[in-house]
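Summary of the model geometry
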Amino acid sequence: MAKLTYYYNLLSQPSRALYMFLKKAEIPFEGKVVDLLKGEQFTAEFEAINPFKKVPVINDKGFVLIESIAILRYICRTYNVADHWYPKDSVKQAHVDEYLEWQHTNTRADCALYYLHKVLWPAMNGKPVNEQRVAQLEKKMIITLDLIENVWLKNKTFLCGNEISISDIIAICEIDQTRIAGFNPYANRPNLSKWKMKTESCLSPYYEEANEIVEIHVAKYNKKYGIPNSHI
């Protein structure tokens, strides 16, 4: 039986999320790393797979899917995975969908833009960091992190209940990305800190495996600029 083919790069937050999920759910796949720093996503070969020139992408026996949330839902519907990841119960599933829809313009947008403006784009363009813009983004990101702390994690172990779901995998990858930009999202947020430890434990050992590249970049940033922010 042909394996699912997975195109990814672990520096990408959605790529890490899907990688951990496939591993934890024991979905056999053939992994193909796309070297983003070398521009492999812009090659004609990859553009034929994904015209948007982004990762992650799956090819499941000829069926190509290019958006991480859609991929996660597809895997849960198509393969034999534990129900808690994306419950069949309509109410429970709606709670998972509720966070996944909310995070597009909150966790995903705020954490990713902070990292892009503070680290990636200045490094790629050879230009100094726009400190004013980064400060604006940090302020908005803090609001989002506080909403996760005080609303999404209020009286719950995980974002959508007391069992881990795909929403938690998506969230932890986005939140962790800010650490590469010298930010500590877990400082002074006890609910978020407990959730992080629980989620990491549930995803182990694949969390550590997928996040090895994150820790390398965190160490590089900290060595260059000092310890992460802890003023929040």
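Structural data are supplied above this passage.
Residues numbered from 1 in each chain as written. Predicted model: local features only at pLDDT ≥ 70, side-chain atom pairs only at ≥ 80, totals over all residues. Heavy atoms only, no water.

The next thing to look at is the overall build of the chain. Assigned secondary structure in the chain consists of 10 helices and 4 strands. In sequence order, the chain lays out its α and β elements as β-α-β-α-β-β-α-α-α-α-α-α-α-α. Its C-alpha radius of gyration of 18 Å places the chain within 12% of the 17 Å reference for a compact globule of 232 residues. Within the span of the chain, comprising 232 residues, buried residues form 48% of the whole. A separation of at least 24 residues holds for 69% of the contacts in the chain among residues at least 6 apart in sequence. Between the averaged position of the 29 positive side-chain charges in the chain and that of its 27 negative side-chain charges there is a distance of 4 Å. (Helix = DSSP H or I, 4+ residues; strand = E, 2+ residues; numbered from the N terminus. Rg over C-alpha atoms; globule rule 2.2 N^0.38 Å. Buried < 20%, exposed > 50% of the residue type's maximum accessible area, 1.4 Å probe, protein only. Contact = heavy atoms within 4.5 Å. Lys, Arg positive; Asp, Glu negative; His and termini not counted. Charge placed at Lys NZ, Arg CZ, Asp CG, Glu CD.)

Another aspect to go through is the nonpolar core. Ranked by internal contacts, the top residues of the largest apolar core, which has 64 residues, are Phe-21, Ile-75 and Trp-195. Take this core: its biggest share by element is 7 residues, from helix H7 (residues 166-177). Sequence-distant contacts of Phe-21, defined by excluding residues within four places in its chain, comprise Leu-72, Ile-75, Cys-76, Val-81, Trp-85, Ile-166 and Ile-169. Counting residues in hydrophobic clusters, the runner-up holds 5 residues, among them Tyr-7, Val-34, Phe-46 and Val-57. (Core = buried A, V, L, I, M, F, W, Y, C linked by side-chain atoms within 4.5 Å.)

Turning next to a nonpolar patch on the surface. A cluster of nonpolar side chains, contributed by Leu-113, Trp-121 and Met-124, occupies part of the molecular surface with about 290 Å² of accessible area. If you trace the backbone, Met-124 turns up in helix H5 (residues 107-125). (Patch = residues over 30% accessible without salt bridge, like charges linked within 9 Å, V, L, I, M, F, W, Y side chains within 5 Å. Areas by Shrake-Rupley, 256 points an atom, 1.4 Å probe, with all protein chains shown as cover. Salt bridge = Lys/Arg side-chain N within 4 Å of Asp/Glu carboxyl O.)

As a further point, take the packing of aromatic side chains. Here the structure, examined in full by the defined rule, presents 12 aromatic pairs. Arranged with centres 5.8 Å apart and planes meeting at 85°, the rings of Tyr-6 and Phe-29 form a pair that is edge-to-face. Linking Tyr-6 in strand E1 (residues 4-8) with Phe-29 in strand E2 (residues 29-33), this pair joins segments that are 23 residues apart in sequence. Judged by its relative accessible area of 0%, Tyr-6 falls in the buried class. Here the aromatic rings of Tyr-99 and Trp-102 are separated by 5.8 Å at their centres, their planes lie at 45°, and the arrangement is tilted. Of this pair, Tyr-99 and Trp-102 both sit in helix H4 (residues 90-103), 3 residues apart, roughly one helical turn. A relative accessible area of 0% means that Tyr-99 is categorised as buried. In this structure an aromatic cluster arises from ring pairing among Tyr-6, Tyr-8, Tyr-19 and Phe-29. (Phe/Tyr/Trp six-rings, centres within 6.5 Å; stacked < 30°, edge-to-face > 60°.)

Glancing now at the pattern of salt bridges. Evaluated as defined, the whole model comprises 11 salt bridges. With its nearest N and O atoms 2.9 Å apart, the salt bridge here joins Arg-73 to Asp-97. Taken together, the residues span a long stretch of sequence, with Arg-73 in helix H3 (residues 68-78) and Asp-97 in helix H4 at a distance of 24 residues. A salt bridge links Asp-146 to Arg-189; the shortest N-O distance between them is 2.9 Å.

Next up on the list: the sheet that holds E1. Taken in spatial order, the 4 strands line up as E2-E1-E3-E4 in an open sheet, and their pairing is mixed. Looking at strand neighbours, the two that pair on one side only are E2 and strand E4 (63-65), the edges of this open sheet. When strand polarity is set aside, the average angle formed by the axes of neighbouring strands in this sheet is 15°. Sheet topology note: the strand E3 (residues 57-60)/E4 ladder contains 3 bridges and is antiparallel. (Pairing = 2+ DSSP bridges. Axes fitted to C-alpha atoms, helices over the stretch in contact; angles between N-to-C directions.)

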